[in-house]
Amino acid sequence: MATSDLTDTALSIKNLTVSYHNQPVLWDIDLDIPAGVMAGIVGPNGAGKSTLIKSLLGLVPSLSGEVMVHGRPYTTQRKRVGYVPQRSSVDWDFPTTALDVVIMGLYGRLGWLKRPGRKERHEAQEALEMVGMSAFAERQISQLSGGQQQRVFLARALVQQADVYFLDEPMAGVDATTERAIIDILRRLRDAGKTLIVVHHDLQTVRTYFDWLLLLNVRVIASGKAEEVFKIDHLRQAYGGQIALLNDNESLMFSASKVK
Amino acid sequence: MVWLELLSDYTFQNVVMGASLLGLISGPLGCFAVLRRQSLLGDAISHAALPGICLSFIITGSRDIGGIIIGSLITGSAAALIMLMLTRLSRLKTDAGLGACLSIFFAVGIVLLTYIQSTNNASQGGLEAFLFGQAAATLRSDLWVMGSITLVTLLLLAVFWKQAKLVTFDAEYARTLGMPITVIEASLTAMVALAVVVGLQMVGVILMAAMIVAPAAAARQWSRHLGGMLTIAAGVGIVSGVSGATISTLSRGLATGPLIVLTATAIVLISLALAPGRGLLWGVIKHYRQKSALKKQQLLYALYKHSADPSCAPSTLGSRRMFNKLKQQGYLTRSPRGATPSDGGWGLTAQGQAEARRVVAAFEELAS
């Protein structure tokens, strides 16, 4: 299933460099992510995880680099790419309903002038159903809990029917139930052949969630299949020794004091 | 009779129509400005209109509205652009950038104004009226210009509704859908400049920001959808425009612009206090209701858990009131079963027992 066509590359990045106030935030990133995997982007704070996603999507200007989605430049492939931004990136006091936010995911398909109609409402309702939020369709978004807001954002990306999804910390600040629900949805998408690229901050769950990993700290520390990347040497390199893992894997058990 | 006379008054008609047009355009555009957290942008643009007005007068030598509109649009937009560039290219934060732009452009405007006054040009009469507006001087021809600007702006909003809405809510996401967000954001800002131009004659450059912010702030309290918010904001704008103009005319001599702004502010205050769901009053009521419910639960809980302890009696005025309230509701009895005087004789009724058990169960479920 996940590894059915590893020859097909969902995302290919060449020589991507991003700087902010003359400080390199991302340096010479080369990366190929195969189609149909659930890929995690992991690294310490300030490693450029969110910046990587944003620069791929053209939200942050890059100094150099080219981004290909399924073999073609990203700008020609927007319809095949879905994006779930960080929940905190918008003002949730905006006067609108959950359903309406999901319908926004269809604005790209509708083009410049066409307005969303019954068909779009129906599709949005289905997407809310998928994330278990259909009962909240007419709820004001300001009255949703953090986890519910995150699910609404996920539903908005789902209606896009994209092939490659970028998710920026979808598990940040949500309760355990929502985290399970989100992971279940993401796995179902992967099993349907979609590619999911997820910025993740919780090292404890990395091995169970992802089958492909990018370990990032300004540069690519390691990338590839999760079991090959999630190794103590790589982690130490990325996190600079400030790391303590509680894992059943013996080789990963060490304390920060032992390293430095 | 007074009203009939008033309605047939040519100046009054002009003022009311002008005020309505101002409300109609500043309300909806103010909504976008407020939701995009750029309320003060309207302030900067309107203050920056002053040098434009003066320059246009210096160049054309007249108070022709066409020239004044073009002049104020140019300097207003320039101020907005410089502000955006400052915040984007330097480390200056938005508020500092806005403040700097606002005061610099306004200072230049005042210098130009005094320069024009010093030249003693006969036709300069009342250029300073644009500071606080001079509604009574509104001409029918001005109304046509204001009306056309309003119409075009609202039509543009209606056509590009989706884009304006998504860019306002989540600009980065809009970009990933392929929307040219820079163009859309710039257009929204330019439209605010247009609203300012419409208001120059009515309320003047200094108070114009209130007409951008106030109707939108009031409307947010009453609305659940962006469309509703825009409609209500337009309504608030029109109502405050018309009532301000009416009060001003009836009172003979009180300035129209400030009265319009004060009316709008009154509506904002009422909305902030009373709007269902979001109003402060409902918040206070809800707070006391919840507090009272919590007290009741806590009391039932205590009586239930410590029913063996005979010392549970109300000691303060507040708790005595609570006891009596619960007695009225049938949860408590005051039976004279207690032999000792320290026992107030308060006990749970059967209904009270059941309610207390429910409270205890709910509490223990929460704790687990």
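Everything numeric here is computed off the predicted structure, so don't read it as measured data. (Residues numbered from 1 in each chain as written. Chains lettered and ligands numbered in written order. Predicted model: local features only at pLDDT ≥ 70, side-chain atom pairs only at ≥ 80, totals over all residues. Heavy atoms only, no water.)

J.: Help me get a handle on the packing of aromatic side chains, residues and values and all.
T.: Tallying each qualifying case throughout the model produces six aromatic pairs over all chains. Between A:Trp92 and B:Phe169, the aromatic rings sit 6.2 Å apart at their centres with planes inclined by 85 degrees, giving edge-to-face as the arrangement. One end of the pair, A:Trp92, is in the loop between strand S6 (81–84) and helix H2 (98–104); the other, B:Phe169, is in helix H8 (residues 161–169), on a second chain. As far as burial versus exposure is concerned, A:Trp92 and B:Phe169 are alike and both buried. Seen from their ring centres, B:Phe32 and B:Trp161 are 6.3 Å apart, and the 75 degrees between their planes marks the pair as edge-to-face. In this pair, B:Phe32 sits in helix H2 (residues 10–35) while B:Trp161 sits in helix H8, placing the two residues 129 residues apart along the sequence. Each member of the pair, B:Phe32 as well as B:Trp161, carries the same accessibility label: buried. Of the aromatic side chains, those joined through ring pairs into one cluster are A:Trp92, A:Phe94, A:Phe153 and B:Phe169. Sitting over the face of the ring of B:Tyr173, A:Arg156 holds its NZ or CZ atom 3.5 Å from the ring centroid. Over the ring of A:Tyr107 we find B:Lys162, and its NZ or CZ is 5.9 Å from the ring centre. (Phe/Tyr/Trp six-rings, centres within 6.5 Å; stacked < 30°, edge-to-face > 60°. Helix = DSSP H or I, 4+ residues; strand = E, 2+ residues; numbered from the N terminus. Buried < 20%, exposed > 50% of the residue type's maximum accessible area, 1.4 Å probe, protein only. Lys NZ or Arg CZ within 6 Å of the ring centre and 35° of its normal.)

J.: How would you explain the interface of chain B and chain A if you had to name every residue and give the values?
T.: Facing 29 residues of chain B, the contacting portion of chain A comprises 36 residues. Between chain B and chain A the total buried area reaches about 3,000 Å² when both faces are included, carbon and sulfur atoms providing 57% of it. Considering only the surface of chain B that becomes buried against chain A, B:Lys162, B:Phe169 and B:Tyr173 emerge as the three largest contributors, covering 26% of it. Connecting chain B to chain A are six salt bridges. For A:Asp93, the salt bridge identified is with B:Arg278, shortest N-O distance 3.0 Å. In this assembly, chain B and chain A are joined by 17 residue pairs in polar contact (both at pLDDT 80 or more). For the side of chain B that touches chain A, the secondary structure elements donating two or more residues are helix H7 (140–159), H8, helix H9 (171–176) and helix H11 (226–251) of chain B. If you tally residues by element for the side of chain B that touches chain A, the top one is H8(B), at seven residues. A breakdown of the residues in the side of chain B that touches chain A according to their chemical character gives 13 nonpolar, six polar and ten charged. (Contact = heavy atoms within 4.5 Å. Buried area = accessible area lost by both parts, 1.4 Å probe. Salt bridge = Lys/Arg side-chain N within 4 Å of Asp/Glu carboxyl O. Polar contact = N/O pair within 3.5 Å; in protein donor to acceptor, adjacent residues only side chain to side chain. Nonpolar A, V, L, I, M, F, W, Y, C, P; charged D, E, K, R; others polar.)

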